[in-house]
Amino acid sequence: MRNDKENVIVNKTFDFALKIIEFSEVLYEAKRYPLANQVFKAGTSIGANVREAQNAESKADFIHKLKIAAKEADETEYWLLLCMMSPYLKSPDEKLFSELKEIILILSKIISTSKIK
């Protein structure tokens, strides 16, 4: 199923993962190790699952892998919201949060469109 042409969601999730690594480092430097690890794992796995979906064995497998990416995106949103709302934690850049929202919308659209076809 892999197609090596330009892929918006693959590129967006890869760029997002790089920004998550940077934000995780900020949390790590603030000695918020468990939270840094959670943000890192959830935020980088979105792109890993999207990338894995590009090599899906079937349409059902493709949808399943994208659903996992969507779950990881929801988890990432949870951790970023905790950082935003807690007075004790470094708040993520608003752009990071808006990029995540965009990724969630794109994943939702791809999943729903793939189910129809």
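Since we're looking at a predicted model, the values are computed, not measured.

A.B. asks: Explain helix α2 (residues 33-53) here, please?
C.D. replies: The end-to-end C-alpha separation of α2 is 30 Å, in line with the 30 Å expected for 21 residues at 1.5 Å each. Approximately 30° is the largest bend angle found in α2, and it occurs at S45.

A.B. asks: What is the right way to read the packing of α2 against helix α3 (residues 59-85) from this model?
C.D. replies: Packed helices, taken two at a time, are described by the angle their axes make and the gap between the axes. The geometry of α2 relative to α3 is characterised by a closest axis approach of 8 Å and an angle of 155° between their N-to-C directions. Accordingly, the angle class assigned to the pair α2 and α3 is roughly antiparallel. Between α2 and α3 lies a crossing of left-handed hand. Touching L35, Q38, V39, A42, G43, S45, I46, N49, V50, E52 and A53 of α2 are F62, K65, L66, I68, A69, E72, A73, E75, T76, W79, L80 and C83, all from α3. Residues belonging to the contact of α2 with α3 are distributed by class as follows: 14 nonpolar, five polar and four charged.

A.B. asks: It is not clear to me how the side chain of Q54 should be interpreted in this structure. Could you clarify?
C.D. replies: Within the secondary structure layout, Q54 lies in the loop between α2 and α3. At 2.9 Å, the side chain of Q54 and the side chain of N7 are in polar contact.

A.B. asks: I'm lost on the pattern of salt bridges in this one. Help?
C.D. replies: Opposite charge on two side chains allows them to pair when their charged atoms are near. Tallied over the full model, the rule gives six salt bridges. Put simply, K65 and D61 hold a salt bridge, and the shortest N to O gap is 2.7 Å. Within this pair, K65 and its partner D61 are both found in helix α3, separated by four residues, close to a single helical turn. The structure contains a network of salt bridges with shared partners spanning K19, K95 and E99.

A.B. asks: I keep staring at the environment of T113 and nothing clicks. Help me out?
C.D. replies: With respect to the helices and strands, the residue T113 is situated in helix α4 (residues 94-116). In the structure, T113 is positioned 78 residues away from L35 in sequence and 34 Å away in space, judged by C-alpha atoms. A distance of 2.8 Å separates a polar side-chain atom of T113 from the backbone oxygen of K109.

What counts as what
- Residues numbered from 1 in each chain as written.
- Predicted model: local features only at pLDDT ≥ 70, side-chain atom pairs only at ≥ 80, totals over all residues.
- Heavy atoms only, no water.
- Helix = DSSP H or I, 4+ residues; strand = E, 2+ residues; numbered from the N terminus.
- Expected span 1.5 Å × (residues − 1).
- Bend = angle between axes of the 7 residues up to and from the residue.
- Axes fitted to C-alpha atoms, helices over the stretch in contact; angles between N-to-C directions.
- Parallel < 35°, antiparallel > 145°, perpendicular 65-115°, else oblique.
- Left-handed = near helix turned anticlockwise from the far one by under 90°.
- Contact = heavy atoms within 4.5 Å.
- Nonpolar A, V, L, I, M, F, W, Y, C, P; charged D, E, K, R; others polar.
- Polar contact = N/O pair within 3.5 Å; in protein donor to acceptor, adjacent residues only side chain to side chain.
- Salt bridge = Lys/Arg side-chain N within 4 Å of Asp/Glu carboxyl O.

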